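Fold and contact review
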Amino acid sequence: MNKNVKRLGVFALAGVLGLGVASTTISAAEPSKDTDVFYTTSSTNIDADGKVVMVVPAAVSLTKENKTQEFAVTIQPADETETLPDNFAATVNVESKNKGMLKDKGMTKSFAYKLLKGEAVGGSEITLTGQDVEFHNFTALKGTSSVEQKATIKVEDEVVKKLENEKPGSRFTDTLTFKVTSLSGDGLTQVK
């Protein structure tokens, strides 16, 4: 995999509460049980020397109760005690493996979802055509420790109704690839 490419899996789980959920039996003697909740970020170097990284969530999970999920794409120094280089600028594009569709394992069924640049309310839709399209132009002033752009994945109510008619536990997925297409800043060399 190219050093400047990171995949963000987008999962819609029809009727299931997220990824990595293992069921546990609850006995009458013990009427409660714990469920661990976790969130893992994923990052990749975006410059040839590994000074700057791009951080994206490893996965975004949607359900009928959680039809909208906000997340951030963040660019920051690899060393958290440093700041971004002076005159920092980067363009990040995004590409959808399934052209903005959540598909089943056999790739026979597909359901549309939306990627918004910004928050769920007021964000602007990014048309996922299957080829990479511009996501955001990041810039930073001298002394900035990180820059981020919020994004939102959402499934419309009418699509959720169709998803919920599928077999319980069915999984429909797409993969978004965020890629740095241009990079500049004092002391940075773009990955070729």
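Residues numbered from 1 in each chain as written. Predicted model: local features only at pLDDT ≥ 70, side-chain atom pairs only at ≥ 80, totals over all residues. Heavy atoms only, no water.

On to the overall build of the protein chain. Regarding its fold elements, the protein chain presents 1 helix and 13 strands. Listing every helix and strand of the protein chain by position from the N terminus yields β-β-β-β-β-β-β-β-β-β-β-β-α-β. The buried share of the protein chain, taken over its 192 residues, is 40%. In the protein chain, the share of contacts with a sequence separation of at least 24, taken over all contacts with a separation of at least 6, comes to 73%. When the accessible surface of the protein chain is split by element, carbon and sulfur atoms take 47% of a total near 11,000 Å². (Helix = DSSP H or I, 4+ residues; strand = E, 2+ residues; numbered from the N terminus. Buried < 20%, exposed > 50% of the residue type's maximum accessible area, 1.4 Å probe, protein only. Contact = heavy atoms within 4.5 Å. Areas by Shrake-Rupley, 256 points an atom, 1.4 Å probe, with all protein chains shown as cover.)

Take the pattern of salt bridges next. Tallied over the entire structure, the rule returns 6 salt bridges. The closest approach of N and O atoms between lysine 109 and glutamate 166, which form a salt bridge, is 2.7 Å. With a gap of 57 residues between them, lysine 109 in the loop between strand 7 (101-103) and strand 8 (110-112) and glutamate 166 in the loop between helix 1 (157-164) and strand 13 (171-184) connect regions that are remote in the sequence. With relative accessibility at 38%, the residue lysine 109 sits in the partly exposed group. (Salt bridge = Lys/Arg side-chain N within 4 Å of Asp/Glu carboxyl O.)

Okay, helix 1 next. Burial in helix 1 covers these residues: Val159, Val160 and Leu163. Taken down its axis, helix 1 places every buried residue within 100° of arc, on the same side. Of the exposed residues in helix 1, those oriented more than 90 degrees away from the buried face are Lys161 and Lys162. Check the buried side of helix 1 and you find it contacts strand 8 and strand 13. (Arc of directions from axis to C-beta.)

Our focus in this paragraph is the side chain of glutamine 149. In this structure, glutamine 149 sits in strand 12 (residues 147-154). A distance of 3.3 Å separates a polar atom in the side chain of glutamine 149 from a polar atom in the side chain of histidine 136. Among residues more than four places away in sequence, those in contact with glutamine 149 are Phe71, Ala72, Val73, Lys117, Gly118, Phe135, His136 and Phe138. (Polar contact = N/O pair within 3.5 Å; in protein donor to acceptor, adjacent residues only side chain to side chain.)

Within the largest apolar cluster, 36 residues are counted, with the highest numbers of intra-cluster contacts made by Met54, Ile75, Phe88, Leu115 and Phe178. Elements with a contribution of two residues or more to this core: strand 3 (52-57), strand 4 (59-62), strand 5 (68-77), strand 6 (89-96), strand 11 (133-139), strand 12, helix 1 and strand 13. Once residues lying within four places of it in the same chain are set aside, the contact partners of leucine 115 are Phe71, Val94, Ser124, Glu125, Ile126, Leu128, Ala151, Thr152, Ile153 and Leu176. (Core = buried A, V, L, I, M, F, W, Y, C linked by side-chain atoms within 4.5 Å.)

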